Amino acid sequence: MSEFTNFTEGEYYEGHFDSQAYVKNFYSCPAEEKNFLAFVLRCLSRIFSAGEHKGKLLVDVGNGPSIHSLEIEKWLKSQKDGLDWKPMLHPSDLEATLKQQAKKVLKCDVRLDNPFYPHTLEPADCVITSLSLHGLSKLMRPGGLLVMIGVLGESFYKVDEQLFSCLGLSRDNIEEALSGLGL
Ligand SMILES: C[S@@+](CC[C@H](N)C(=O)[O-])C[C@H]1O[C@@H](n2cnc3c(N)ncnc32)[C@H](O)[C@@H]1O
């Protein structure tokens, strides 16, 4: 990870993370990325369609602009410069359904004691984190469901030419951290 003098933290994201470029780079069809997205969506569908997990509140943290995270305020409000997810959404009425299901978009910094300050959320029934952040048990009710999507051993990724650092974790690192949290 010689490219970095500092780990790219939340402040760096605020100034340098280009959502439009991120979607273009990772979610607009190069075969490899398309396969990854299809794999993730299949896994999420398996987890949630079995009917085993029920609840009122699902929080998706570090969601950025990606569609399996149900995000993007502009997209929700159908603003003109919002991202265009139509090519990924089949059948065509899925987009309207997704917009109805998303209840709130809140700014979040997981490093804070209350990540959603000045808002407060009740403990969630389910927390999802995809390609972003870990150690989110403080947001979840005891016995809740934590869904983590990630790439093992990755030390950085690029959005256009902009580099962002990643924690290069192994499966063992993650399992150890989760069992340390009693999960
Ligand atoms: C690689 S992107 C992942 C986006 C999306 N979840 C996905 O699966 O495509 C990393 C995300 O982490 C978010 N992030 C970085 N630092 C954060 C922090 N301290 N608190 C909350 N989110 C943060 C960024 O805003 C960005 O959306």
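Quantities reported herein were computed from a predicted structural model and do not represent experimental measurements. (Residues numbered from 1 in each chain as written. Predicted model: local features only at pLDDT ≥ 70, side-chain atom pairs only at ≥ 80, totals over all residues. Heavy atoms only, no water.)

S.K.: What is the right way to look at the side chain of Thr8 in this model?
M.R.: One can find Thr8 in the segment before helix 1 (10-16). Thr8 has contacts with Tyr13, Leu163, Phe164 and Ser165, leaving out every residue within four places of it along the chain. (Helix = DSSP H or I, 4+ residues; strand = E, 2+ residues; numbered from the N terminus. Contact = heavy atoms within 4.5 Å.)

S.K.: For this particular structure, what's the right way to read helix 2 (residues 19-26)?
M.R.: For an α-helix the count is 3.6 residues per turn, leaving residues at separations of three or four pointing the same way. Of all the residues in helix 2, the buried ones are Ala21, Tyr22, Val23 and Phe26. Looking at the packing, one finds that the buried side of helix 2 touches helix 3 (31-49) and strand 4 (156-159). Two to three positions downstream of the cap, the backbone nitrogen of Gln20 sits 3.1 Å from a side-chain oxygen, assigning the N-cap of helix 2 to Asp18. (Buried < 20%, exposed > 50% of the residue type's maximum accessible area, 1.4 Å probe, protein only. Polar contact = N/O pair within 3.5 Å; in protein donor to acceptor, adjacent residues only side chain to side chain.)

S.K.: I keep staring at unusual backbone geometry and nothing clicks. Help me out?
M.R.: Apart from glycine, the bulk of residues carry a negative phi angle, and the bulk of peptide bonds sit in the trans form. In the segment running from Tyr117 into Pro118, the intervening peptide bond is cis, with an omega of 5°. Checked against the element boundaries, Pro118 lands in the loop between helix 5 (94-101) and strand 2 (124-130). Phi is positive for Asp160, close to 50°, though the residue is something other than glycine. Residue position: Asp160 is located in the loop between strand 4 and strand 5 (162-165). Residue classification places Asp160 among the partly exposed residues on the basis of a relative accessible area of 38%.

S.K.: Sorry if this is basic, but what is going on with the sheet that holds strand 2 here?
M.R.: Read from one edge to the other, the open sheet built from three strands follows the order 1-2-3, with strand pairing classed as parallel. Looking along the sheet, the strands with just one partner apiece sit at the ends: strand 1 (58-61) and strand 3 (140-149). On average, each strand axis in the sheet is inclined to that of its neighbour by 20°, with strand direction left out of account. Both strand 2 and strand 3 contribute to a ladder of six bridges, which runs parallel. Bridge assignment links Ile128 to a residue of strand 3, and that residue is Val147. Sitting on the sheet, helix 3 is in contact with strand 1, strand 2 and strand 3, with an inclination near 155° to strand 3. (Pairing = 2+ DSSP bridges. Axes fitted to C-alpha atoms, helices over the stretch in contact; angles between N-to-C directions.)

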